[in-house]
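The primary structure of each chain is shown beneath.
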Amino acid sequence: MNILNNVDLSAANTLRLPCQAQRFTAPRTLSALRDVLGQARREGWAVTLLGGGSNVLLPEKLPGLVVRPALHQWWLSGHQDDQNAQEDDVFAHVGAGVNWHALVMATAARGLWGIENLALIPGSCGAAPVQNIGAYGVELADVLHAVQVMELATGRVDWLSAEECAFGYRDSLFKGELAGGVVITQLVLRLSRTPAPKLGYGDIAARLPSFPTPLAVAEAVCAIRREKLPDPHVLANAGSFFKNPLVNDEQVTQLLRQYPAMPHFPQGGGKTKLAAGWLIDQCGLKGMRDGAFGVHQHQALVLVHFGGGDRHGLMKTANYIAAQVEARFGVLLEPEPRLINP
């Protein structure tokens, strides 16, 4: 087991927040992961799980042991123990350490449909179920077949079906009952050779021919995202910082009387999703700067780090933005990235 001491994690999170891990390890196999978790239990170390670092807010100090699974294998199979499987279904078995965007492009290049709309989402595959990542009308829950997990307390490996993951909007069992209790080690995704483009979101359809390939859809999504979102390698950010809020239909009706152009997306069950970026933009906050942090000049939903700041400063900026939106619209914004505490 390769456990490193006093590791700088500033480059291991896309917001580039300063953070030092007391101990750090990146196990490459299930056996190595089980061994290092066993040592953590014997030594009494707190364990913090870290994926690609694209959707977390790190503190300046992380005591105990930071574990970043480096399970980088993935493969395809045509058969799965699933009575609902269709003839054209293809199952992707994906290690937690695989880069999500690389997987999307690789499967799309093979002519497989299912996750092409999720191109260019940063991070690792192991983190994808935690947040139930989604974009352009598709969520991970739409294609996930099963998740393999390892219990931190015992090292036992188990499988969870998609239904057992209790997926919601940017939510899952891994943010609730199982938070801090398991490490995700593998995903099984149900993809298909049957064309099934989902082009109803934004201007994706306008950029594509009548009968696009999954790779063409993925490339169109990449182009749109690059036009709207800053590259975290150039300007530190964690993508969308706030969740799109779900509000009661009655409140939406009232808001539309005052703001008839307000984007809104009925979700059923008396709930409607609003566009957090639009709400922030209407408050005149696009392009604002507050010390080391600010709102991106082209996308109000993205908070950026210009350098020299820490998590305290970031949350000060985020809380100010949320307060402005609540004061004007009566809508509460919640951060999307996961807050990791020592």
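Relevant structure appears above.
From a predicted model like this one, the values you see are computed outputs, not experimental measurements.

(A) Spatial organisation of the overall build of the protein. Tallying secondary structure elements over the protein gives seven helices and 21 strands in all. Here the protein has a C-alpha radius of gyration of 21 Å; the compact-globule value for 342 residues is 20 Å, and the two agree. With respect to the principal axes defined by its C-alpha atoms, the protein has extents near 60 × 50 × 35 Å. Counting the 342 residues in the protein, one finds 51% classified as buried. Carbon and sulfur atoms make up 49% of the accessible area of the protein, which amounts to about 15900 Å² in all.

(B) Inspection of helix H4 (residues 214-228) at higher detail. Between its first and last C-alpha atoms H4 spans 21 Å; for 15 residues at 1.5 Å apiece the expected length is 21 Å, and the two agree. Among the residues making up H4, those that are buried are Pro-214, Val-217, Ala-218, Ala-220, Val-221, Cys-222, Ile-224 and Arg-225.

(C) The packing of aromatic side chains, seen in detail. Scanning the entire structure with this criterion turns up four aromatic pairs. When the ring of Phe-241 is compared with that of Phe-242, the centres are 5.1 Å apart and the planes differ by 75°; the resulting orientation is edge-to-face. When its relative accessible area of 1% is taken as the criterion, Phe-241 is described as buried. Put simply, the rings of Tyr-259, Trp-278 and Phe-329 touch in pairs and so form one group of aromatic residues.

(D) Summary view of the state of the cysteines. Overall, the coordinates contain zero disulfides when judged by the stated rule. Unpaired in this structure, Cys-165 has its nearest cysteine sulfur neighbour in Cys-125, at a distance of 15 Å. Classification of Cys-165 as buried rests on a relative accessible area of 0%.

(E) The pairing of strand E16 (residues 264-268), seen in detail. Of the strand pairs in this sheet, E16 and strand E17 (residues 271-274) are connected by four bridges, and their pairing is antiparallel. In the sheet register, Gly-268 faces E17, and the bridge partner there is Lys-271. Counting the residues between successive antiparallel strands, the hairpin from E16 to E17 contains two residues, one of them, Gly-269, with a positive phi of roughly 65°.

(F) Quick peek at the packing of helix H2 (residues 100-109) against H4. Two elements in contact, H2 and H4, have axes separated by 7 Å at closest approach and are oriented at 145°. Here H2 runs over H4; the crossing is left-handed. Two secondary-structure elements touch here, H2 through His-101, Met-105, Ala-108 and Ala-109 and H4 through Pro-214, Leu-215, Ala-218, Glu-219 and Cys-222.

(G) Layout of unusual backbone geometry. In the Ramachandran plot, Leu-120 falls in the positive-phi region, its phi being about 65° despite a non-glycine side chain. Among the secondary structure elements, Leu-120 is positioned in the loop between H2 and helix H3 (128-131). Among the residues examined, Leu-120 registers a relative accessible area of 23% and is labelled partly exposed. One non-glycine residue, Asn-132, lies in positive phi territory at about 50°.

(H) The arrangement of the sheet that holds E17 in detail. Within the open sheet, the three strands sit side by side as E15-E17-E16. Their pairing is antiparallel. In the strand order of this sheet, the two ends are held by strand E15 (246-248) and E16, each with one partner. Ignoring which end each strand starts from, the neighbouring axes of this sheet average 40° apart. Both E15 and E17 contribute to a ladder of three bridges, which runs antiparallel. Across the sheet, the residue bridging to Leu-246 is Lys-273, located in E17. On the sheet, helix H5 (residues 249-258) packs against E15, E16 and E17 and is oriented at approximately 90° with respect to E15.

(I) Representation of the pattern of salt bridges in the model. The tally for this structure, following the rule as stated, stands at 10 salt bridges. Put simply, Arg-156 and Glu-151 hold a salt bridge, and the shortest N to O gap is 3.1 Å. For Glu-151, a relative accessible area of 25% puts it in the partly exposed group. In this structure, Asp-203 engages Arg-207 in a salt bridge whose closest nitrogen and oxygen atoms are separated by 3.2 Å.

(J) Representation of the side chain of Thr-48. Secondary-structure assignment places Thr-48 in strand E3 (residues 47-49). Looking at Thr-48, the relative accessible area reads 13%, which means it is buried. Apart from the residues lying within four places of it in its own chain, the contact partners of Thr-48 are Leu-62, Leu-65, Val-66, Val-67 and Ile-340.

(K) Highlighting the sheet that holds strand E19 (residues 293-295). The strand order E14-E20-E19-E18 describes an open sheet built from four strands, whose pairing is antiparallel. The sheet is open, and its two edges are formed by strand E14 (236-240) and strand E18 (289-290), each paired on a single side. Here E19 runs beside strand E20 (residues 302-305); their pairing, made up of three bridges, is antiparallel. In the strand pairing of E20, Val-295 is matched with Leu-303.

(L) Local environment of the nonpolar core. Grouped together as the largest cluster of nonpolar side chains are 44 residues, with contacts concentrated most on Trp-100, Leu-103, Ile-115, Leu-140, Val-147, Phe-174 and Leu-189. When residues of this core are traced back to their parent elements, those giving at least two are strand E8 (89-95), H2, H3, strand E11 (144-151), strand E13 (182-192) and H4. With six residues, H4 is the single largest residue contributor to this core. Residues within four places of Ile-115 in sequence aside, it is in contact with Trp-100, Leu-103, Val-104, Thr-107, Val-143, Leu-189 and Leu-191. Of all hydrophobic cores here, the second largest spans 34 residues; its members include Leu-17, Phe-293, Ile-321 and Phe-329.

Cut-offs and rules
- Residues numbered from 1 in each chain as written.
- Predicted model: local features only at pLDDT ≥ 70, side-chain atom pairs only at ≥ 80, totals over all residues.
- Heavy atoms only, no water.
- Helix = DSSP H or I, 4+ residues; strand = E, 2+ residues; numbered from the N terminus.
- Rg over C-alpha atoms; globule rule 2.2 N^0.38 Å.
- Buried < 20%, exposed > 50% of the residue type's maximum accessible area, 1.4 Å probe, protein only.
- Areas by Shrake-Rupley, 256 points an atom, 1.4 Å probe, with all protein chains shown as cover.
- Expected span 1.5 Å × (residues − 1).
- Phe/Tyr/Trp six-rings, centres within 6.5 Å; stacked < 30°, edge-to-face > 60°.
- Disulfide = S-S within 2.5 Å.
- Pairing = 2+ DSSP bridges.
- Axes fitted to C-alpha atoms, helices over the stretch in contact; angles between N-to-C directions.
- Left-handed = near helix turned anticlockwise from the far one by under 90°.
- Contact = heavy atoms within 4.5 Å.
- Salt bridge = Lys/Arg side-chain N within 4 Å of Asp/Glu carboxyl O.
- Core = buried A, V, L, I, M, F, W, Y, C linked by side-chain atoms within 4.5 Å.

Just distances and angles here, no functional claims.
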